[in-house]
Amino acid sequence: MLFALICKDKPGSLQLRIDTRPAHAAFLEGLIGEGRLAFAGPFLDADGKPDGSLVMVEAPDMAGAQALAAADPYARAGLFESVEIRAWNWVFQKPVGA
């Protein structure tokens, strides 16, 4: 099942995001290797700077999605003000084999 991790950064935390990005990218690369990442990327503020994340993951259930969200280095570093996790159904433009 797919889950959307909708993450909002804490105000004033751009430097923490920048500092933690290599570990976050490695985490996502690991999920790709496991076939558990559908897609991911940052939300942008009015100035075009990242201020949150959308991460779409494959997990067996909500508990699995919550565990993945908690394991993200951004979450472990305290970057996020909030994380909303929603089950999601990919209907249109789904890549072959996804």
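The structure this text deals with has already been given above.
One structure accompanies this document, and this report is about it. (Residues numbered from 1 in each chain as written. Predicted model: local features only at pLDDT ≥ 70, side-chain atom pairs only at ≥ 80, totals over all residues. Heavy atoms only, no water.)

What to know about the environment of Ala-23
By the element assignment, Ala-23 lies in helix α1 (residues 14-33). Remark: the alpha-carbon pair of Ala-23 and Asp-72, spanning 49 residues in sequence, is separated by 8.5 Å. (Helix = DSSP H or I, 4+ residues; strand = E, 2+ residues; numbered from the N terminus.)

Details of the pattern of salt bridges
This model, assessed by the stated rule, comprises four salt bridges. The partner of Lys-8 in a salt bridge is Glu-81, and the shortest N-O contact between them spans 3.3 Å. Here the residue Lys-8 occupies a position in strand β1 (residues 2-9), and Glu-81 occupies one in strand β4 (residues 80-88), the gap between them amounting to 73 residues. Residue classification places Glu-81 among the partly exposed residues on the basis of a relative accessible area of 41%. In this structure, the salt-bridge partner of Arg-17 is Asp-9, at a minimum N-O distance of 2.7 Å. Asp-9 matches Arg-17 in its accessibility class, with the two residues each being buried. (Salt bridge = Lys/Arg side-chain N within 4 Å of Asp/Glu carboxyl O. Buried < 20%, exposed > 50% of the residue type's maximum accessible area, 1.4 Å probe, protein only.)

Quick word on the packing of aromatic side chains
Applying the stated criterion across every chain yields a total of four aromatic pairs. Summarising the aromatic geometry, the rings of Phe-39 and Trp-88 are spaced 6.0 Å apart at their centres and angled 85 degrees between planes, so their arrangement reads as edge-to-face. Of the two residues, Phe-39 is situated in strand β2 (residues 37-44) and Trp-88 in strand β4; the sequence distance between them amounts to 49 residues. Judged by its relative accessible area of 34%, Trp-88 is partly exposed. Ring pairs connect the aromatic residues Phe-39, Trp-88 and Trp-90, which therefore count as one cluster. (Phe/Tyr/Trp six-rings, centres within 6.5 Å; stacked < 30°, edge-to-face > 60°.)

Looking at the layout of surface pockets
In this model, the largest pocket occupies a volume close to 280 Å³. As for the largest pocket, its lining consists of 16 residues, and the residues nearest its centre are Arg-17, Arg-21, His-24, Pro-42 and Tyr-74. Secondary structure elements with two or more residues in the lining of the largest pocket: α1, β2 and β3 (50-58). Here the element with the most residues in the lining of the largest pocket is α1; it accounts for eight residues. Residues that form the lining of the largest pocket fall into these classes: 11 nonpolar, three polar and two charged. (1 Å grid on protein atoms, 1.4 Å probe; cavity = no way out; pocket = protein on both sides within 12 Å on 5 of 7 lines; lining within 4 Å. Points joined across faces, edges and corners; volume = space filled by probe spheres on them. Nonpolar A, V, L, I, M, F, W, Y, C, P; charged D, E, K, R; others polar.)

Overview of the side chain of Arg-17
Position of Arg-17 relative to the elements: it lies in helix α1. For Arg-17, a relative accessible area of 6% corresponds to the buried category. Setting aside residues no more than four positions away along its own chain, Arg-17 makes contact with Asp-9, Pro-42, Pro-50, Asp-51, Gly-52, Ser-53, Tyr-74, Leu-79 and Phe-80. (Contact = heavy atoms within 4.5 Å.)

These figures come from the coordinates and say nothing about function on their own.
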